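A closer look at the structure
Listed below are the residues making up each chain.
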Amino acid sequence: MLPIRKTLLSAILTLICFSFIACPISIGLAQTSEPVHFETQVRAILKAHCFHCHGEQEHREAGLDLRLVHLMKKGGESGSAINPGSSKDSLLMQRVDSGEMPPGGKTIPESQKEVLRRWLDSGALTKREEPQTPSVEDWTEEERTYWLYQPVANPIVPPIAAGDESLASSPIDAFVLEKIRQKQIPIAPIADRLTLIRRLSLDLLGIPPTHEECQSFVEDPNIDAYERLVDRLLADPRYGEHWGRHWLDVAGYADSDGYSEHDTQRPWAWQYRDYVISSFNSDLPYDQFVIEQLAGDELVMQPWENLASEQQRILSATGFLRTAPDGTEHQGVDQEVAKNDVIADTIKIVSSSFLGLTVGCAQCHDHRYDPISQRDYYRMRALLEPGLDWKSWRGKSARLVNLWDAQQRQRAADVDKELSELEAKRLMELDAIVNDIFEKEVAKLPQEQHEAAKLARSTAADKRSQEQQTLLRDFPSLNVDRGSAILYDGARINEFNKKYETLSAEIKSKRPADLFLASFSEVPNQIPTTFLFYRGDFHQPKDPIQPGGLSILGEHDKIAQDDPSVPTSGRRLQFAKMLTTGVHPLLTRSITNRTWMHHFGRGIASNPGDLGMLGERPTHPELLDWLSRELVQAGWSRKRLSREILLTETYRRSSARPAGGLDSDPQNIWLGRTNVRRLHAESVRDAMLAASGMLTLNMFGPSSKVSPDEVGQFIIGKATRDGNGILIAKHEEIAEVYRRSVYVEVRRSMPLGVIEPFDPATISPNCDRRSQSTVATQSLMLMNNSSVVRISEHFASRVAREVGQAPADQVVRAWQLAYGSSPAEAQRNQLTSWLEQQRAALAQPSPDQASAPNGGALEPAKANQQALALLCQALLSSNAFLYID
């Protein structure tokens, strides 16, 4: 690799980079003089901080129950907890202000303390008459009427005001425009075609369009050019790779176990990854996608042998339930804890991905903020426990499904038989050699001991007389056997083994390659009892729990304990069908919100994995419900949902901020313009490879290996042990190294170095929404990472190969390959001048390299190549390349 002068790279970065400034938004609570009521403002505070000790458990601390106002007045061992009309005289407020409550060093925020004071001072008001005693899962009206738990509405599309017809071409635009007009937000114009094709390509495929594709679209005179572009990109196989990666985040996909430092590899996890990619490309209806992932094993009858391709596809879907970090079988790990952690993490993955809720927060007690009871949590555990029975745990190998067909099985059986026959023959011949060696050793003894020696050796060890034992001890060379024969006649044994090793290898080569599927499954007719664990401790089981859904939705008793129509419990299949029947409020809103987020950078509700009371409420709730209904009515087609979004005026707007004055919507919550977004971590690498011409488009199959190189960076490559026994990988110029990032191993302990600084998914256990940072390490990586340097050199080689050595031609072609357009005249001239200067500088001796050959000066051809590589690296490192406008 040629040396790089970073000062020059820095200069060129300054020349062509564009700056984007993120404007923070401050959110405050509006002050109000309206009265404070227990149900609307106070109960949530006490539930979050106090109910665990003073309400939910059978034994309440100090005999005090804070779940109802009249129970607070009644009080506990210390008397009444509140004095309506006076916060100062209320024991509750005194204990809170002194820091005694809640215990354990926890504190209630001052803003919440002020709410408690206002409530007490105003008379401890309630909105309605309270029941005499609180009951489990007796949710309040405020909890029952929270937007997420309401049926999906069928909202009326807002009318378009006169004069706004050009701003709205679809119902989606109408909903967005209504909010924009209410908030008096300026509206950006429609983006130019070059911006749109780049936005669409990176949004749908994760790689930029070629210059030729851009030129063709920009010059297309047809009125439906944009619509046809959307359809073409949705049909591109690269779509499934990019959008499949979005779902793999949510599923917590990884090619290794995580959990402990062992981080054991999962050699067959890629089967689930390929299922997801294929499902997106084929536009598998989302309801079927849900059912297959939750219960694919209950759709394919056991035993699983000679499976058809469709059966294999369905079973591979259940890899969704095998993605959680798994420390079972890891040394030094408490196996009982590890097993229960797998179940807990799987519940988190299922609930956050399909329900958009953090059900896992109810493992030890009722959810502190959402109407999710501890019983709800264990009902969901009961759905999974027949397949994750921690008392009768099945190891990872026991869950593998052999995908050999009948012919492959027969071929393997024939090979095994042939190997068995070869081994029998080998042992017979080896025994003959051992006997020959023994006879030679006997011949060395006095003649009178020959027969005794032979008899001693042929006698079983536990039957030998004292004289025989003494004879064999005095003459140890008589103890020759299969294992020690090589010590007597090494050349003969080595030659013997090399005959047989060659024959064995020839026979084994006929054996079909292993092909397994890591599926989820239950043991037929074996259903364990699920118990509610006191405070989440599996050592303290309490009540047995039946499977079910969320009680707030009335789903707690909708699932049979054992479905007689299938040999397994059928619980997950019932649950999946319950979620996909009609327009389920959680399932449909969750996937619709995620789809919107990936197109706009922000969901209609900004926390896709936590749509509950801690998350922000949706900015456009009517639009969210309209889209949710559209998804179901369109046959659960995710491509059709995306298409409807992409064809809107809202999506096609430019990112231009209002000229002059303050921006009234700095975070673009109301969508008056398009959000500028950075590429996902994987797309950063993929886009670089595409520009350089090195991207390998081979789909599916085992993941490309990730290993540490000699300096500890994680690169793509297979590792071998060095002289110290340390696994080290070296770069190889093979197609495997340049596959799309979705096909590169996701090692929880070995994040790929070239994408790690750009915020890849944090899978612990899954990732609902990626963070997006702007830090110095990103620029440093782009300047110094060996993979980036190598890609830049390939990029330069491509440019030189396509247009020759003229600097101006190289500048234009490099710009086209990076950005899909040609540079303006001023940019072309400036960069051409720089490239010529850089060529000359690299061909001259350098004072700081006086000891190097020719003083560090490069041959003209190498100087030209290195200068061009620097230019290419600068283009790849620019904001114009790294961001979607």
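Look up a bit, the structure's there.
First, a word on scope: everything that follows refers to the structure included in this document. (Residues numbered from 1 in each chain as written. Predicted model: local features only at pLDDT ≥ 70, side-chain atom pairs only at ≥ 80, totals over all residues. Heavy atoms only, no water.)

Here we look at the packing of helix α31 (residues 807-819) against helix α32 (residues 825-842)
Defined as follows: Lines fitted to the C-alpha atoms define the axes, with helices restricted to the stretch that makes contact. Angles between their N-to-C directions range from 0 to 180 degrees. Numbered from the N terminus, helices here are DSSP runs of H or I no shorter than four residues, and strands are runs of E no shorter than two. In what follows, roughly perpendicular refers to angles from 65 to 115 degrees, roughly parallel to angles under 35, roughly antiparallel to angles over 145, and oblique to any angle outside these ranges. Throughout, a crossing is termed right-handed when the near helix is turned clockwise from the far one, and left-handed when it is turned anticlockwise from it by less than a right angle. Should any heavy atoms of two residues lie within 4.5 Å, those residues are counted as being in contact. Asp, Glu, Lys and Arg are counted as charged, while Ala, Val, Leu, Ile, Met, Phe, Trp, Tyr, Cys and Pro are counted as nonpolar; the rest, among them Gly, fall into the polar class.
Running from N to C, α31 and α32 point in directions that differ by 120°, and their axes come no closer than 9 Å. Judged on the interaxial angle alone, α32 and α31 are oblique. Crossing geometry of α31 relative to α32 is assigned as right-handed. Contacts between α31 and α32 involve Pro-807, Ala-808, Gln-810, Val-811, Val-812 and Trp-815 from the former and Gln-827, Arg-828, Leu-831, Thr-832, Leu-835, Glu-836 and Arg-839 from the latter. Residues belonging to the contact of α31 with α32 are distributed by class as follows: 7 nonpolar, 3 polar and 3 charged.

Re the environment of Ser-353
Under the convention used in this document: Counted as a polar contact is a pair of N or O atoms within 3.5 Å, where, for protein atoms, one must be capable of donating a hydrogen and the other of accepting one, and residues adjacent in sequence contribute only when both atoms are in side chains.
On the secondary structure map, Ser-353 appears in helix α16 (residues 335-355). Note: C-alpha distance between Ser-353 and Gln-816 (463 residues apart in sequence) is 40 Å. Sequence-distant contacts of Ser-353, that is, excluding residues within four places in its chain, are made with Trp-247, Val-250, Tyr-286, Phe-320, Ser-590 and Arg-594. In this structure the side chain of Ser-353 is engaged in a polar contact, spanning 3.2 Å, whose partner is the backbone oxygen of Val-350.

Concerning unusual backbone geometry
Our working definition: Residue burial is assigned from relative accessible area. The probe radius is 1.4 Å, only protein chains are included, and a residue is buried under 20% of its type maximum, exposed over 50%, and partly exposed in between.
In this chain, Met-101 is followed by Pro-102 through a cis amide linkage whose omega measures -10°. Here Pro-102 is to be found in the loop between α5 (91-98) and α6 (110-121). A cis amide bond links Gln-302 with the next residue in sequence, Pro-303, at an omega value of 0°. Checked against the element boundaries, Pro-303 lands in the loop between α14 (286-295) and α15 (309-317). Backbone geometry at Gln-184 places phi at a positive 55°, although glycine is not the residue there. Position of Gln-184 among the secondary structure elements: in the loop between α8 (171-183) and α9 (193-204). Of the residues examined, Gln-184 reaches a relative accessible area of 68% and is grouped as exposed. One non-glycine residue with positive phi stands out, namely Asp-283, at about 55°.

Some remarks on the pattern of salt bridges
The line we're drawing: Note on definitions: salt bridges are taken to be side-chain nitrogens of Lys or Arg within 4 Å of carboxyl oxygens of Asp or Glu.
Considering all chains together, one arrives at 56 salt bridges under this definition. One salt bridge connects Arg-67 with Asp-65, and the closest N-O pair in it is separated by 2.9 Å. By the burial criterion, Arg-67 is buried, and Asp-65 matches it. Where Asp-543 meets Arg-375, a salt bridge forms, and the shortest distance between an N and an O atom there is 3.6 Å. With Asp-543 in strand β4 (residues 541-545) and Arg-375 in helix α17 (residues 374-384), this residue pair connects regions lying 168 residues apart in the sequence. Owing to a relative accessible area of 37%, Asp-543 belongs among the partly exposed residues under this scheme. Taking relative accessible area as the criterion, Arg-375 reaches 27% and is therefore assigned partly exposed. What emerges from the salt-bridge pattern is a single network uniting Arg-238, Glu-241, Arg-685, Asp-686 and Arg-740.

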